[in-house]
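Single-letter residue listing:
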Amino acid sequence: MAKKVLIVGAGYAGIEAALSLNKKRKKGEVEITLIDKNEYHTLLTELHETAGNRIPEEGIRIPLNRIFKYTGVQVLNEEIKEFDFEHNKLQAQNKEYAYDYLIMAMGSTPNFFGISGLQEHAFTLWSFDDAIRIREHVKKCFIKAAQEKNKEERRRLLTFVVGGAGFTGVEMIGELAFWTKDLAREHHINQKEVRLIIVDMLPRILNNLSERNAKKAHQYMAKKLGIEIMLQTPVKEVTAEGFSTGDQFIDTRTLIWAAGIRAAEDVDAMELEKVGPKRLKVDQFGRTAFSNVYAVGDISCFTDENGKPYPAMVENAIQTGHGVAMNILREIRQEKQERVTVKMHGTMVSVGNYFAVSEILGRELPVWLSVIMKFMVNIHYLWEITGFWGVARYLYHETLERRQRKWVIEQHWSTRVQAWWLAPIRLFLGWVWLYEGIKKILEGWLVSPKLALFFGYAGGADASSSATPSSDAAVEAGEAAVSAAETLLHIDIFGFFQVFLEKTSEMIFRIDFLPVKWFVEHIVLANDTTQMIFQIGVVLAEIGIGLALFSGTFTFIAAAASIALTANFIMTTGIFEKTWWMPFAAIACMAGAGRAFGVDYYLLPYLNNVWEHLWKNHRLKLFFKGSLERPE
């Protein structure tokens, strides 16, 4: 009989535990149920982007039903009120849930450290709702400030403070630094009136990073963004008008608290041993005092071989979630459990969209690479839980839907267009390629060598001699070309590129790229056999590209191949009056032209669904329930 495994919490740890159980289970071995009070999974590491209005809220929220589509995981939208470990039961509002194994993954919550007025008057940044609340509050502050006549109240409204200079605090103040510039301009407020402050009790920001990286981020925030950094400064008391540091009172209507976390409040009523900031003590296998009750992620306190607790970070959550899932399967199979270990690969912090610092595998990466790594880490995680759909959705929000201070070029490339507008040019481009391929077949390209003449060399039985620039035949061909064309412009760039702007009855542009020229003369035209191989390849490529574009099948790849083949022609035969438009049409087709009146409309979602099913279940099935569904 299948064992019932309940997972409470759909954070990073809970998601990983559920997916790992589903992927590694054998048929009839376990029943997996995930319970969470929300119907979505929140990307906690990206909360600041929504709170600071960089991306819309949908960019940080992923429906649980979408994550567990094609899996055997049952998702329940419930809030657990009581944990009965003695009787293996959980109590929700109106229903009871029994289990054989329980994984607690409720995560963490902000730690207010008993500071007077902090919880009542400060904003927190630890949930989806928190991010929306901050975003809307900041908007209202500027709206009110633009109308406010009282100077003191206007100053309060335009002073924004973040408490805590760790990862979350630094990222949050960084977003505000960019967004408030837009808001000031929008509401006709002098930017000098906006005050941004970050406070922390420690002697430097980003205490978990190296001093060099912390200094680099400090200088960028202070000098480039104009952020006031107040270190060794405690928050003593908070009121609706601001907060006291002991030495001074800072007037503000906005204090965002990001200075620490503790385990979720659910643990307070549990009669289980706790360590540090209310984290549950677990053994090396992830078990609490009850052998069938496990704790993972921020709510648990796993330690390394030296007894040092692992930090409450995403890598810890994912790896402990996976390790505990595997240990439950081992126990069910009566195998020996293994120690759950966490390997921290690195950390990274972004300050706005264009600056980041990181330490990956012990190495400090430059700013530009840190920015890329931040994106790559998110892409990797979303690939694991949602496949192509999640990655495409993430990139869409980060590139096309990004709201903050876009460069002029970004403003243009993020303008959207309906795909059906591109269908006519896709059909025409596909027809042209198909026509060119069929015409070459009728001209005998599959029967006898044609490339020497096609490339402008005198053809003959000795293809290698015709390919040699110094040969008489090549000279004659060159003279014939010169007599038929008027070279208007000839540029020799370092002897590597030779660009010709020519005027003939048809050719208008040609580039002699020396490596390509050498390859054509010494490989392609070496003999009749190689000529036939390459020209058959050209014919098949033209027909293949034509069919793919005309039908709208793998349109992006076909359009890229169209550009590559056109580039090849530019460097061999030149580009003509009748074909110069083709690379530009192909670029347009890469913008999803196959998703309207094309096979891609059905094919791409299907392939994504098949991949997701394979990835999440480790079983290949070409047809299953929902395999032809399109994502919303």
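Residues numbered from 1 in each chain as written. Predicted model: local features only at pLDDT ≥ 70, side-chain atom pairs only at ≥ 80, totals over all residues. Heavy atoms only, no water.

## Looking at helix 18 (residues 555–570)
Stage number 1. For helix 18, spanning 16 residues, the distance from its first C-alpha to its last is 22 Å, which sits close to the expected 22 Å at 1.5 Å a residue.
Stage number 2. Taken together, the buried positions of helix 18 are Thr-555, Ala-558, Ala-559, Ser-562, Leu-565, Thr-566, Phe-569 and Ile-570. Each buried residue of helix 18 sits inside an arc of 145° when the element is viewed along its axis, so together they form one side. Residues of helix 18 that are exposed and point over 90 degrees away from its buried face: Phe-556 and Ile-557. (Helix = DSSP H or I, 4+ residues; strand = E, 2+ residues; numbered from the N terminus. Expected span 1.5 Å × (residues − 1). Buried < 20%, exposed > 50% of the residue type's maximum accessible area, 1.4 Å probe, protein only. Arc of directions from axis to C-beta.)

## Some points on the sheet that holds strand 16 (residues 242–244)
Stage number 1. Taken together, 3 strands build an open sheet; the order of strands is 15-16-17 and the sheet is antiparallel. Because the sheet does not close on itself, it has two edges, and the strands there are strand 15 (237–239) and strand 17 (249–251). Averaged over neighbouring strand pairs, the angle between their axes works out to 15° when direction is ignored.
Stage number 2. Pairing of strand 15 with strand 16, which is carried by 3 bridges, proceeds in the antiparallel orientation. Across the sheet, residue Thr-239 finds its bridge partner in strand 16, namely Gly-242. (Pairing = 2+ DSSP bridges. Axes fitted to C-alpha atoms, helices over the stretch in contact; angles between N-to-C directions.)

## Focus on the nonpolar core
Stage number 1. Formed by 65 residues in total, the largest nonpolar core has its most connected members in Ile-15, Phe-83, Leu-102, Ile-103 and Met-104.
Stage number 2. With residues near it in sequence (within four places) discarded, Ile-15 still touches Ala-10, Leu-34, His-41, Leu-64, Ile-67, Phe-68, Tyr-381 and Ile-385.
Stage number 3. Counting 48 residues, the second largest nonpolar core, distinct from the first, contains Tyr-40, Leu-209, Tyr-220 and Met-221. (Core = buried A, V, L, I, M, F, W, Y, C linked by side-chain atoms within 4.5 Å. Contact = heavy atoms within 4.5 Å.)

## What about helix 19 (residues 582–589)?
Stage number 1. Considered for burial, the residues of helix 19 that qualify are Met-582, Pro-583, Ala-585, Ala-586 and Cys-589. Around the axis of helix 19, the buried residues are gathered within 160° of arc, so they sit on the same side. Turned more than 90 degrees away from the buried face of helix 19, the exposed residues are Phe-584 and Ile-587.

## Focus: unusual backbone geometry
Stage number 1. The residue Gln-334 is not glycine, and still its phi comes out positive at about 60°.
Stage number 2. Topologically, Gln-334 is positioned in the loop between helix 9 (314–332) and strand 24 (346–350).
Stage number 3. Owing to a relative accessible area of 75%, Gln-334 belongs among the exposed residues under this scheme.
Stage number 4. The backbone of His-618 sits at a positive phi, close to 55°, despite the residue not being glycine.
Stage number 5. Here His-618 shows up in the segment after helix 20 (600–617).

## Description of the packing of helix 16 (residues 514–524) against helix 17 (residues 528–551)
Stage number 1. Packing of helix 16 against helix 17 leaves a shortest axis separation of 9 Å and a crossing angle of 125°. Between helix 16 and helix 17, the interaxial angle falls into the category oblique. Within the contact between the two elements, helix 16 uses Phe-519, Ile-523 and Val-524 and helix 17 uses Thr-530, Gln-531 and Phe-534.
Stage number 2. Of the residues contributing to the contact of helix 16 with helix 17, the split by class is 4 nonpolar, 2 polar and no charged. (Parallel < 35°, antiparallel > 145°, perpendicular 65-115°, else oblique. Nonpolar A, V, L, I, M, F, W, Y, C, P; charged D, E, K, R; others polar.)

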